[in-house]
Amino acid sequence: MTHGPHAIIPILKTSRLQLHPLTLADAPRYQQLIAHWGMVRYITDNMPWPYPADEAERYIREDALPAMANAEEWHWTLRLRDAPELIIGVISLMDEYNDNRSFWIAEPWQNKGLVSEACQAVNRFWFQALGKPVLRVAKAAANEPSRRISMREGMRVVLKRQQSFVGGTMEEEIWQLTRDEWLSQQR
């Protein structure tokens, strides 16, 4: 695995998904899927709302791709293995202190266990390929589906604080899983 500038981000596969590294060509579909209230209300308020018409392209070009090239962030599109041309969501890893993973999946594909599959793949990348000692995930406490994923992964809440989200100020929880805890689950 290459680290440092211009790190190579692999395609990750699960039983039902292919996770492809995010590219600028993904911007139109990204824009189409995320520019809905139900998708953004639990995202921190550094995301502009209403979502500008060119925001996905700007975000990918100016924020995501440079961070990927510098091995500070890793972003993948979620695609069904039997329809790899169709993006259904995004999952990301970030080398930040209290927020290492985020994801979203479009409504027609929610509640099917697909995000849990994607999380397993990126968790493996985080702990094995990158060798990170801890995974921390920040989320709105009100985001019950996301909380359930963290619970199933054996994560625990290590911090609660107020945070500004697109949907307003609310409690944020920081969930944590250590590499040792993750490794014991793999046995």
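Residues numbered from 1 in each chain as written. Predicted model: local features only at pLDDT ≥ 70, side-chain atom pairs only at ≥ 80, totals over all residues. Heavy atoms only, no water.

So, on to unusual backbone geometry. Pro50 follows Trp49 through a cis peptide bond whose omega is 0 degrees. The topology assignment puts Pro50 in the loop between α2 (37-40) and α3 (55-69). Even without glycine at this site, Ala71 takes up a positive phi of about 55 degrees. When you line up the elements, Ala71 lands in the loop between α3 and β3 (73-80). Residue classification places Ala71 among the buried positions, given a relative accessible area of 16%. With a phi close to 60 degrees, Asn111 is a non-glycine residue in the positive phi region. Considering the arrangement of structural elements, one finds Asn111 in the loop between β5 (101-105) and α4 (114-129). Judged by relative accessible area, which is 69%, Asn111 ranks as exposed. (Helix = DSSP H or I, 4+ residues; strand = E, 2+ residues; numbered from the N terminus. Buried < 20%, exposed > 50% of the residue type's maximum accessible area, 1.4 Å probe, protein only.)

Running from N to C, helix α1 (residues 27-34) and α3 cross one another at 125 degrees; their axes reach a closest spacing of 8 Å. Of the possible angle classes, the one that applies to α1 and α3 is oblique. Viewed along their axes, α1 and α3 form a crossing whose handedness is right-handed. Each of Ala27, Tyr30 and Gln31 in α1 lies in contact with α3, whose residues at this interface are Glu55, Ala56, Glu57, Tyr59 and Ile60. Of the residues that constitute the contact of α1 with α3, the class distribution is five nonpolar, one polar and two charged. (Axes fitted to C-alpha atoms, helices over the stretch in contact; angles between N-to-C directions. Parallel < 35°, antiparallel > 145°, perpendicular 65-115°, else oblique. Left-handed = near helix turned anticlockwise from the far one by under 90°. Contact = heavy atoms within 4.5 Å. Nonpolar A, V, L, I, M, F, W, Y, C, P; charged D, E, K, R; others polar.)

Our next topic: α3. With 15 residues, α3 should cover 21 Å at 1.5 Å per step; its first-to-last C-alpha distance of 20 Å lies within 8% of that length. Residues of α3 that are buried include every one of Glu55, Ala56, Tyr59, Ile60, Ala64, Ala67 and Met68, and no others. Residues of α3 that are buried make contact with β2 (17-21), α1 and β3. Note on α3: the residue one or two positions beyond its end, Ala71, has a positive phi of about 55 degrees. (Expected span 1.5 Å × (residues − 1).)

In regular strands, side chains alternate between the two faces of the sheet. Most of β3 is tucked away, with eight of its eight residues classed as buried. The alternating pattern of β3 places Glu73, His75, Thr77 and Arg79 and Trp74, Trp76, Leu78 and Leu80 on opposite faces, both of which are buried. As paired strands, β2 and β3 are joined by five bridges and run antiparallel to one another. Directly across from Leu19, in β3, lies its bridge partner Leu78. In terms of strand pairing, β3 meets strand β4 (residues 83-94) through eight bridges, oriented antiparallel. By the bridge assignment for β4, Glu73 is matched with Met94. (Pairing = 2+ DSSP bridges.)

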